[in-house]
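Survey of secondary and tertiary structure
Residue strings, one per chain:
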Amino acid sequence: MVLRERISEHTYVFRSSMYARVNAGLISTPEGCVLIDTLPYPEETQEIANFVQRRLRSQVKYVILTHSHADHVYGAYLFPEAEVIGHLYARKLLLTQTKPALLKARTLNPVLADVCLIMPAILMEKEAAVRLGGATLIMRHAPGHAPDVISVYYREEKVLFASDAMMPIPYFVHGDIRDLRNTLRALAQVSPVEDLVQGHGDVLLRGEVKTVIETYLDYLDCVERHVDWVLAKGGGKQALLSLDVEDCGIPRIALEGLATKLHQENLVTLFLRKRKARQVKRKA
Ligand SMILES: [Zn+2]
């Protein structure tokens, strides 16, 4: 079952109920639709395809893959007529990371048997736009969660799709904490925004955007402060993991209870990266 929400006149959001509340966005125009990401399971993405065909009597002209992670890209093969757009870095990540993981996942989960990865044919780097049937979609590089993340701003309806740069708990294990901070600050500058669609979880309304971005930035500062403190006093894993996600302002129940797990992965990743950087510096 997919939750469908119409957030403005021509904008729909489809949310997975099977995995981590992933969002896909759909923009409908008189000349066809633009799909922003797909959902993790084929039966969920198929619901979007059916909606476009039967309810809107339209077709998907472009699929924008906001980054190469499995939960956003698995359904792209269900739109064989669409042009697929992604970041320059997405191709390599799809081939070296998403594909081997898919081959493994297929053997474990028969519902993924038909999934095949689609490589973006149109690649963007810093900024690019799609224009279709009166809709202008501005795509911008938004790294931090992963190196290939792009955000999409639908200018006419003032909807910002932030992808996983914004999710109920910031997560930088596949990316970089500094990039994520810069991206969050850049997203806070996008104006006007009526609705902000996060990569996972609830759609934010205009009045919530600034506060939520501040919460995410505070979370990142809290994690980094703690890691620096543990490194300074030569603490180990126990000291590192003593910081609860709630101490950094993110509820434990966020992202269907995944918050603690992702938080601990953030801590360990940052700790190992910083420790390595110190060792390299010492050697030099
Ligand atoms: Zn992701």
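One can find the structure itself at the top, above this paragraph.
To start, this report covers the structure provided alongside it. (Residues numbered from 1 in each chain as written. Predicted model: local features only at pLDDT ≥ 70, side-chain atom pairs only at ≥ 80, totals over all residues. Heavy atoms only, no water.)

This part takes up helix α4 (residues 177–189). Its 13 residues place the ends of α4 19 Å apart at the C-alpha level, agreeing with the 18 Å of an ideal helix rising 1.5 Å per residue. Tucked into the core, α4 has its buried residues touching β10 (150–154), β11 (159–163), α5 (206–232) and α7 (259–283). Sitting at the head of α4, D176 places a side-chain oxygen 2.9 Å from the backbone nitrogen of R178. (Helix = DSSP H or I, 4+ residues; strand = E, 2+ residues; numbered from the N terminus. Expected span 1.5 Å × (residues − 1). Contact = heavy atoms within 4.5 Å. Polar contact = N/O pair within 3.5 Å; in protein donor to acceptor, adjacent residues only side chain to side chain.)

Quick look at unusual backbone geometry now. The step from S191 to P192 runs through a cis peptide bond, and the omega angle for that step is -5°. Residue position: P192 is located in the loop between α4 and β12 (195–198). Even without being a glycine, A20 presents a positive backbone phi close to 45°. Backbone geometry places R21, a non-glycine residue, at a positive phi of 50°. One can find R21 in the loop between β2 (11–16) and β3 (23–29). Given a relative accessible area of 27%, R21 falls into the partly exposed group. (Buried < 20%, exposed > 50% of the residue type's maximum accessible area, 1.4 Å probe, protein only.)

The next thing to look at is the coordination of the zinc ion. Looking at the zinc ion, one finds its protein donor set to be H67 (NE2), H69 (ND1), H145 (NE2) and D164 (OD), positioned 2.2 to 2.3 Å from the metal centre. Linear spacing of the donor residues for the zinc ion on their chain is H-x1-H-x75-H-x18-D. Residue H67 is found in the loop between β5 (60–64) and α2 (70–73), and its partner H145 is found in the loop between β9 (135–141) and β10; the two are separated by 78 residues along the sequence. Grouping residues by exposure puts H67 and H145 together as buried. (Donors = N, O, S within 2.8 Å, 3.2 Å for Na, K, Ca; no water.)

Here the focus is the sheet that holds strand β7 (residues 122–124). In spatial order, the strands read β1-β2-β3-β4-β5-β6-β7; together these 7 strands make up an open sheet with mixed pairing. The outermost strands of the open sheet, each flanked by one partner alone, are β1 (2–8) and β7. With strand direction ignored, the average angle separating the axes of adjacent strands in the sheet is 20°. Alignment of strand β6 (residues 83–87) against β7, held across 3 bridges, turns out to be parallel. Note that in β7 the partner of G86 across the bridge is L123. (Pairing = 2+ DSSP bridges. Axes fitted to C-alpha atoms, helices over the stretch in contact; angles between N-to-C directions.)

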